[in-house]
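The residues making up each chain are set out below.
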Amino acid sequence: MPNPGVLRRNPFKFAVQTLLALLAAIRSLCILVKNNIYDFLTQKWTAIPLSQTEITRTNGIMGISLVLAVLLAAADLNLAQYCEKNHEQDWSYHGYLNAPDDWREFFPACEEKSSPIRMFTDNMKNERNVTKLIFIQYDVPVIRAEMVNDGRTVILTPRDSVKRGILHDGHEYTLQHMQFHFGSTDRPGAEHTINHIRYPMEIQFIHKNAENRYANVALLVDVSDHLQIVKHHSVGFYFLMTSVYAQMEINHAFDPILEVLPEVTFKDDSTKLRSPLILEALLPESPASFYRYTGTLTTPPCDEAVWHVLRTTTCLGRHQLDLFLRLYSVKREDASPECLMKENYSPAERNDRDVCASQ
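Thresholds, definitions, all that
- Residues numbered from 1 in each chain as written.
- Predicted model: local features only at pLDDT ≥ 70, side-chain atom pairs only at ≥ 80, totals over all residues.
- Heavy atoms only, no water.
- UniProt positions renumbered as here; feature names shortened; annotations may be inferred.
- Helix = DSSP H or I, 4+ residues; strand = E, 2+ residues; numbered from the N terminus.
- Contact = heavy atoms within 4.5 Å.
- Disulfide = S-S within 2.5 Å.
- Buried < 20%, exposed > 50% of the residue type's maximum accessible area, 1.4 Å probe, protein only.
- Phe/Tyr/Trp six-rings, centres within 6.5 Å; stacked < 30°, edge-to-face > 60°.
- Lys NZ or Arg CZ within 6 Å of the ring centre and 35° of its normal.
- Polar contact = N/O pair within 3.5 Å; in protein donor to acceptor, adjacent residues only side chain to side chain.
- Salt bridge = Lys/Arg side-chain N within 4 Å of Asp/Glu carboxyl O.

- The protein chain appears in an unreviewed UniProt entry as carbonic anhydrase from Araneus ventricosus.
- Its UniProt record gives the protein chain the following Catalytic activity (unreviewed entry) comment, quoted word for word: "hydrogencarbonate + H(+) = CO2 + H2O".
- On record in UniProt, under Sequence similarities (unreviewed entry), the comment for the protein chain is "Belongs to the alpha-carbonic anhydrase family."

### Things to note about the overall build of the protein chain
- In terms of helices and strands, the protein chain carries six helices and 17 strands.
- Residue pairs in contact within the protein chain that sit at least 24 positions apart in sequence constitute 66% of those at least 6 positions apart.

### Overview of the state of the cysteines
- Evaluated as defined, the whole model comprises two disulfides.
- Paired through a disulfide, Cys 83 and Cys 339 show a sulfur-sulfur distance of 2.0 Å. What sets the handedness of the Cys 83 and Cys 339 disulfide is the S-S torsion sign, and at about 95 degrees it is right-handed. Of this pair, Cys 83 sits in the loop between helix 2 (52-80) and helix 3 (100-106) while Cys 339 sits in the loop between helix 6 (318-322) and strand 17 (356-357); the two residues are 256 residues apart in sequence, bridging distant segments of the chain.
- Paired by a disulfide, Cys 110 and Cys 302 hold their sulfur atoms 1.9 Å apart. Because the torsion about its S-S bond is 90 degrees, the bridge between Cys 110 and Cys 302 counts as right-handed. Taken together, the residues span a long stretch of sequence, with Cys 110 in the loop between helix 3 and strand 1 (118-119) and Cys 302 in the loop between strand 14 (290-296) and strand 15 (304-310) at a distance of 192 residues. Across this residue pair, the class does not change: Cys 110 and Cys 302 are buried.
- When the bonded cysteines of the protein chain are counted from the start of the sequence, the pairing works out to 1-4, 2-3.

### A word on the packing of aromatic side chains
- Applying the stated criterion to the full structure yields eight aromatic pairs.
- Between Trp 91 and Tyr 93, the ring centres sit 5.7 Å apart and the planes meet at 80 degrees, which makes this aromatic pair edge-to-face.
- For the ring pair Tyr 93 and Trp 103, a centre distance of 5.8 Å and an interplane angle of 65 degrees mean the geometry is edge-to-face. Here the residue Tyr 93 occupies a position in the loop between helix 2 and helix 3, and Trp 103 occupies one in helix 3, the gap between them amounting to 10 residues.
- By relative accessible area, Tyr 93 is classed as buried at 8%.
- Accessibility expressed as a relative area gives 5% for Trp 103, which makes it buried.
- The rings of Trp 91, Tyr 93 and Trp 103 are connected pair by pair, giving a single aromatic cluster.
- The residue whose ring lies beneath Arg 152 is Trp 91, and the NZ or CZ to ring-centre distance is 4.0 Å.

### Considering the side chain of Ser 184
- Assignment of secondary structure puts Ser 184 in the loop between strand 7 (171-182) and strand 8 (193-194).
- We classify Ser 184 as buried; its relative accessible area is 11%.
- In this structure the side chain of Ser 184 is engaged in a polar contact, spanning 3.0 Å, whose partner is the side chain of Glu 343.
- Filtering out sequence-adjacent residues up to four positions away, Ser 184 remains in contact with Leu 325, Lys 342 and Glu 343.

### Thoughts on the pattern of salt bridges
- Within the structure shown, the criterion is met by 12 salt bridges.
- With its nearest N and O atoms 3.0 Å apart, the salt bridge here joins Arg 159 to Glu 146. Within this pair, whereas Arg 159 is found in the loop between strand 5 (154-158) and strand 6 (165-168), its partner Glu 146 is found in strand 4 (residues 145-149), the two being separated by 13 residues in sequence.
- In this structure Glu 146 comes out as partly exposed when scored by relative accessible area, which is 23%.
- With a closest N to O distance of 2.4 Å, Arg 274 and Glu 263 form a salt bridge. Residue Arg 274 is located in the loop between strand 13 (270-272) and helix 5 (279-282), and its partner Glu 263 is located in the loop between helix 4 (255-258) and strand 13; the two are separated by 11 residues in the primary sequence.

### A few points about the side chain of Asn 216
- In this fold, Asn 216 is placed in strand 10 (residues 214-224).
- At 3.0 Å, the side chain of Asn 216 and the backbone nitrogen of His 207 are in polar contact.
- Apart from the residues within four sequence positions on either side, Asn 216 is in contact with Phe 205, Ile 206, His 207, Leu 297, Ala 305, Val 306, Trp 307 and His 308.

### Describing the environment of Phe 106
- Structurally, the position occupied by Phe 106 is in helix 3.
- Relative accessible area serves as the criterion here: at 22%, Phe 106 is assigned to the partly exposed category.
- Once the C-alpha coordinates of Phe 106 and Asp 90 are considered, the two residues, 16 residues apart in sequence, prove to be 9.2 Å apart.

Pasting the structure below:
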């Protein structure tokens, strides 16, 4: 595991920083020259008129200075959006030198046949002999579970005695935990993409068998901004009254998660579920239909894993998803807008492996 204090410098990022420093020096020089010319223009204009060539040269220097100032302002804005605390973790999504592009330098398995991937339905193999995906005891309510903000995502781990899992190729895999990947207010955040579509969120159910091999389920989550019309009937003493009103669409299956989510707003915050959670209710109507491929975990150390990406999505209300966008990747004392936990997904790799679609 790499030590953030001795991370190797990325040549590209070093070149960008060097260029920014050079631009800053040029800007300072241009400002100095511009000020001298301005003094010359204001103090000696009547005594020594400038030629057309000198005026053109002066305007050119001023224009270059303005362009450089704009470029540096944009660079400063980009740096202002960078959360320095993300660098202190062994890996992150937006840290300096430990973001997804840097993972392969310290975790070699994150480079070869890693996940997530971009999937295209035209290139998939439709095989009738693909074994079915069977969920084991997902219908049994989770009574005890721990939720943790680890600075990268929210992890939900069942702590009861029920052995939930999946049956894959005749082998049983036990549920370890769930983790959530999401974007920002203007960018979706699912890890796997299908036909160039990236959904707003992806929930991953991580399973492992007795041989420490992984078989995971990826649930893609869409978001609804629609209002649903609700009819409410009430019986009076002499009449039946029907009232019609509109409310935002809500997926109540997520209520046990969302009611305690604000309690893990900051890194290292943890809490416990207060209401029973039924995992089966989180899944779409046809969870046995999926796309399967062999890849890795989407986070370091990127151990090998078989993925089942469910073909049918589930749905959340927009305001329900917004609760995730209020989380931070740092502790309370370090919280700032640039340290919000957002876009915590890995870039999808080019699909160069076989993907099978279940019938």
